[in-house]
Structures are given as structure tokens and as C-alpha cells.
Amino acid sequence: MTLPTPTLHTARLRLRPFTDADADQLFALHSNPHLMRYWDSPPWEERARAQRFIDTCRKMADEGTGARVAIERASDGTFVGWCGLAGWNPDHRSASLGYILGEAMWGHGYATEAAHALLQWAFGTLDLNRVQAEADTRNVASARVLEKIGFLREGTLREDCVVNGEVSDSWVFGLLRREWRPPAVPIPARDERH
């Protein structure tokens, strides 16, 4: 079963399928050691990784296992980062949320706005019952974003990641359909299928 990647619009953002033209911005994002310090893999060292990421996004859509979208500012098309739902299981009605934004985009509420739009689409389109997310326990800003969206911290995975020899713990967050609250100001999440 395929899962066409949506194009969603919010007041300030456009979430859209990746194109090959996004490879440079993706590489800049994922090769930055400061941005990747809380990630579960080391920074990318070769630009080819960006193209493989884009190919994987397309494969996820073709196989119906998830949807990853590029985030850009609606006003000027500036690449903000990406967010996505992976591991969609229609039997269990569950998926996992992930996101990463460029440093210049932090503190503007873009992660919250993008995640709200993607979740609004996902709860409606995928009939999800549960969305899970994980955050490195040192990444307090990401934990705040998840809590603002309505996720509850459910536990800690002790020493679940070892990246470049550094051991870290992760918090597990969960959001259930019955707990989901769309934002107070509705996001006009128009879905333009590609």
C-alpha cells in the first residue's frame, strides 16, 4: 500500500515532499555536529547521504511505511528543516514522529507548527491511535516542543544510543488520539497530493 506524501500549509510554513534539489540543504543540516549532537547517528560526512535520505523518503511513501516532509517558510521558501512520521503500522494504528530544524530556525515555533500540521494530517488520514517520539535526555528544547504539542513523557530508555563512543539515554514520549488537541488557532492543513 502506498502512502502519498502530503503537501501541507500552515500560517507560516509549507510542508512538502522532498525533491532532489533539497540535497544540499539536507547535507548542511545533517553534517553539522552541533545539530546532530543529540541525534542517534553521527553527522554525515558525504553529500551522497542526502540523496540516499531523499530516496528513502520516496521508498517510505511507496511502501506505505511513513511520510517525511521538507519544511520551508511560506513567505520566502527558505528551507527550515524536516519532520516526518516513520514506522506507520496500520494494524496497531501507530507511528513515530521525528524532526530536525536548522539552528537559525530555532526559537520561532516552527517545530511546533510543523509537527501540529503533520499530526493533524496523520490523525485524520492514517487513523492513528498512538504516535511515539524519542528525545535525548539532554535535549530539553526538543522535549519542550513535544510537550507543547501534547505528548506525555512515558519513560526513559537507559543507554539506548552509542554515537561516536558517547553513551546517552532517551526519553520516550507518547500521544494518544484521545489526548490529541489541534492548535487553538486552526492550521489550514490543505493536502495537495503529488
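Refer to the structure printed above.
None of the values given here were measured: they were computed from a predicted structure.

J.: Please give an account of the sheet that holds strand S4 (residues 79-89) that cites residues and values.
T.: Strands sit in the order S1-S2-S3-S4-S5-S6-S8-S7 across an open sheet of 8 strands; the sheet is mixed. Since the sheet does not close on itself, it has two edges, and those belong to strand S1 (8-9) and strand S7 (152-163), each with one partner. Across 3 bridges, strand S5 (residues 94-101) lies against strand S6 (residues 130-136) in parallel orientation. By the bridge assignment, Ala-95 is partnered in S6 with Val-131. Sheet strands touched by helix H4 (residues 110-125): S1, strand S2 (13-16), strand S3 (67-73), S4, S5, S6 and strand S8 (166-176). Its angle to S4, the strand with the most contacts, is close to 35°.

J.: Give a detailed account of the packing of aromatic side chains, specifying residues and quantitative values.
T.: Applying the stated criterion to the full structure yields 6 aromatic pairs. Ring geometry for Phe-53 against Trp-82: centres 5.1 Å apart, planes inclined by 55°, an arrangement best described as tilted. Taken together, the residues Phe-53 in helix H3 (residues 48-63) and Trp-82 in strand S4 connect sequence positions 29 residues apart. Trp-82 shares its class with Phe-53; the two are buried. Ring geometry for Trp-171 versus Phe-173: centroids 6.5 Å apart, planes at 90°, classification edge-to-face. Classification of Trp-171 by relative accessible area gives buried; the value is 14%. Through a chain of ring-to-ring contacts, three or more aromatic side chains come together here, namely Phe-18, Trp-39, Trp-44, Phe-53 and Trp-82.

Quick notes on the rules
Residue positions within a chain follow its written sequence, with the count starting from 1. Confidence filtering applies because this is a predicted model: local features only for residues at pLDDT of at least 70, side-chain atom pairs given and counted only at 80 or more, and all residues used for totals across whole chains, interfaces and linings. Hydrogens and water molecules were not included; the side-chain quantities draw on all heavy atoms of the structure. Think of it this way: DSSP has to see at least two bridges between two strands before they count as a pair. Secondary structure is summarised from DSSP: a helix means a run of H or I of at least four residues, a strand means a run of E of at least two, and numbering begins at the N terminus for each. Two residues qualify as a contact provided that any one of their heavy atoms is within 4.5 Å of a heavy atom in the partner residue. Under this scheme, a helix contributes an axis fitted over its contacting stretch, all axes are lines through C-alpha atoms, and angles between N-to-C directions fall in the 0 to 180 degree range. Here a Phe, Tyr or Trp ring, Trp counted by its six-membered ring, pairs with any other such ring whose centre lies within 6.5 Å, and the pair is stacked when the planes are under 30 degrees apart, edge-to-face when over 60, and tilted otherwise. Burial classification: accessible surface area is computed with a 1.4 Å probe over protein chains only, and a residue below 20% of its type maximum counts as buried, one above 50% as exposed, and the rest as partly exposed.

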